[in-house]
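An overview of the molecular structure
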Amino acid sequence: MASALRPAILRHALGAPASTRALTTSALPAFRAHHLAQRSPLALQRATFQTSTKRAILPALPQVIRGTVNDPVTVRDADPTHGSYHWTFERILSAGLIPITLAPFAAGSLSPVLDGALIGMIIVHSYIGFESIITDYLPKWRVPITRRILEWGNVLAVFVVGWGYYEFETNDVGLTEGIKRIWRAGSSSSSSSSSSSLTS
Amino acid sequence: MLSQRAAQQALRRLAVQRPAYRYIVPAAVTSSNALVSQRRLAATANLSEAQATDEILAKQRLSRPVSPHLSIYRPQITWYGSILNRITGSILSGGFYMFGALYLVAPYLGWHLETAVLAAAFAKWPLVVKFPLKAIVAWFFTYHSFNGVRHLMWDMASMISNKQVNQTGWAVVGLSTVAAVGLALL
């Protein structure tokens, strides 16, 4: 089916001399396909087996065979510290983000302590998210150095960004209030609030 | 008479102790001329056991077919929604991180990232730029938030049938779009 979308390859695989092609094009399409399949079964198989474009995104590395070809997979003993606790912590954090995200919409803004808590939770939530992206797309066996750099970069970013927001919280109006002021800047409903922020 | 002679010959041969292969290999093969004419042309090579198991296998593995790319899958709300969750989340977090880090270094670079300055600058933008930008940022936020709630529902093992996953997937798209437009109008 999909090979029909790639007529160039089929035509190439089934390239026949002009005389036979003239014969086959005059026949019923269904019979023609059958006839060609009989004529060059191997070429047709090759053309129809691979139905998508062949793109070697990540070419195979030199292969290393450890142990023998038929070794069983080693299974570690199950332990909650291997991920179960992490999973629970992530869910508690995510669930906790719901009320603290909704609160400023209801109250207009957050107290400095809650604002700081929101920032801290977002940073930890982001750290976990970036960590899972790194784990998913950068396997240790393929890009060990990049993986290590990004994992440590992710940890470093927590502290740099945390420090940045500490400065922001102590010197500026706070995250929720700041977003509100920028969001409503220039809109007719809150021209007074934006002008007051300019003077503050 | 004949059997007697055969036994005698066998005894004589044993006494001489000729090598065993002399009995098996025909006389024509043992002569030097015959060896030249009957040379086998098949190429052979000596392999160590490690070569036989590892090198050949490694070479075979290099020519294994590559698994097809994402484009072979039919677009469905299940996996589109899933990757959108990750994309929206990383854009939001990326922006959040970038502002935090830039706010830290801004005084040293002479930049002004104070809320008042940003608000004053943003206020001057025309509405045709501001509204779409706000809607897009708001949609990243609302989509990731609503889809996060969907994920938490799955974690409690509810709404997890194929049909429900499809329904909630579209529900999240609709809800987040409406909410984003609403937020952009604020």
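For the structure itself, look to the data block above.
Thresholds, definitions, all that
- Residues numbered from 1 in each chain as written.
- Chains lettered and ligands numbered in written order.
- Predicted model: local features only at pLDDT ≥ 70, side-chain atom pairs only at ≥ 80, totals over all residues.
- Heavy atoms only, no water.
- Core = buried A, V, L, I, M, F, W, Y, C linked by side-chain atoms within 4.5 Å.
- Buried < 20%, exposed > 50% of the residue type's maximum accessible area, 1.4 Å probe, protein only.
- Helix = DSSP H or I, 4+ residues; strand = E, 2+ residues; numbered from the N terminus.
- Contact = heavy atoms within 4.5 Å.
- Buried area = accessible area lost by both parts, 1.4 Å probe.
- Salt bridge = Lys/Arg side-chain N within 4 Å of Asp/Glu carboxyl O.
- Polar contact = N/O pair within 3.5 Å; in protein donor to acceptor, adjacent residues only side chain to side chain.
- Nonpolar A, V, L, I, M, F, W, Y, C, P; charged D, E, K, R; others polar.
- Axes fitted to C-alpha atoms, helices over the stretch in contact; angles between N-to-C directions.
- Parallel < 35°, antiparallel > 145°, perpendicular 65-115°, else oblique.
- Left-handed = near helix turned anticlockwise from the far one by under 90°.

Moving on, we come to the nonpolar core. In terms of nonpolar packing, the biggest core is built from 20 residues, with Tyr165(A), Phe96(B) and Tyr97(B) touching the most fellow members. It is helix α6 (residues 112–137) of chain A that provides the largest number of residues to this core, a total of six residues. If near-sequence neighbours (up to four positions away) are discounted, Tyr97(B) is found in contact with Ile123(A), Ser126(A), Tyr127(A), Phe130(A), Ala157(A), Val158(A) and Val161(A). In this structure, Trp183(A), Ala138(B), Phe140(B) and Leu183(B) belong to the second largest nonpolar core, which totals 10 residues.

Here we come to the interface of chain A and chain B. Listed as interface residues are 49 residues of chain A and, on the opposing side, 42 residues of chain B. Interface area for chain A against chain B, summed over the two sides, is near 4000 Å², with a carbon-plus-sulfur share of 70%. Counting across the chain A and chain B interface gives two salt bridges. The tally of links from chain A across to chain B stands at 10 residue pairs in polar contact (both at pLDDT 80 or more). In terms of residue count, the dominant contributor to the side of chain A that touches chain B is α6(A) (11 residues). For the side of chain A that touches chain B, the residue count by class is 29 nonpolar, 13 polar and seven charged.

All names here are of chain A. Taken as a whole and judged by the stated rule, the model has six salt bridges over all chains. One salt bridge connects Glu-90 with Arg-91, and the closest N-O pair in it is separated by 3.0 Å. Taking the relative accessible area as the measure of exposure, Glu-90 reaches 24% and is therefore partly exposed. Since its relative accessible area comes to 22%, Arg-91 is described here as partly exposed. Between Glu-177 and Lys-180 there is a salt bridge, and its shortest N-O distance comes to 4.0 Å. In this pair, Glu-177 and Lys-180 both sit in helix α8 (residues 175–183), three residues apart, roughly one turn of the helix. Classification of Glu-177 as buried rests on a relative accessible area of 17%.

Our next topic: the packing of helix α5 (residues 84–107) of chain A against α6(A). Residues and elements named next belong to chain A. One way to put it is that α5 packs onto α6 with a least axis distance of 10 Å and a crossing angle of 140°. For the element pair α5 / α6, the angle class is oblique. Classified by chirality, the crossing of α6 by α5 is left-handed. Side by side, α5 and α6 meet where Phe-89, Glu-90, Leu-93, Ser-94, Gly-96, Leu-97 and Ile-100 of the first sit next to Leu-114, Ala-117, Leu-118, Met-121, Ile-122, Val-124, His-125 and Ile-128 of the second. Looking at the contact of α5 with α6 residue by residue, the classes come out as 11 nonpolar, three polar and one charged.

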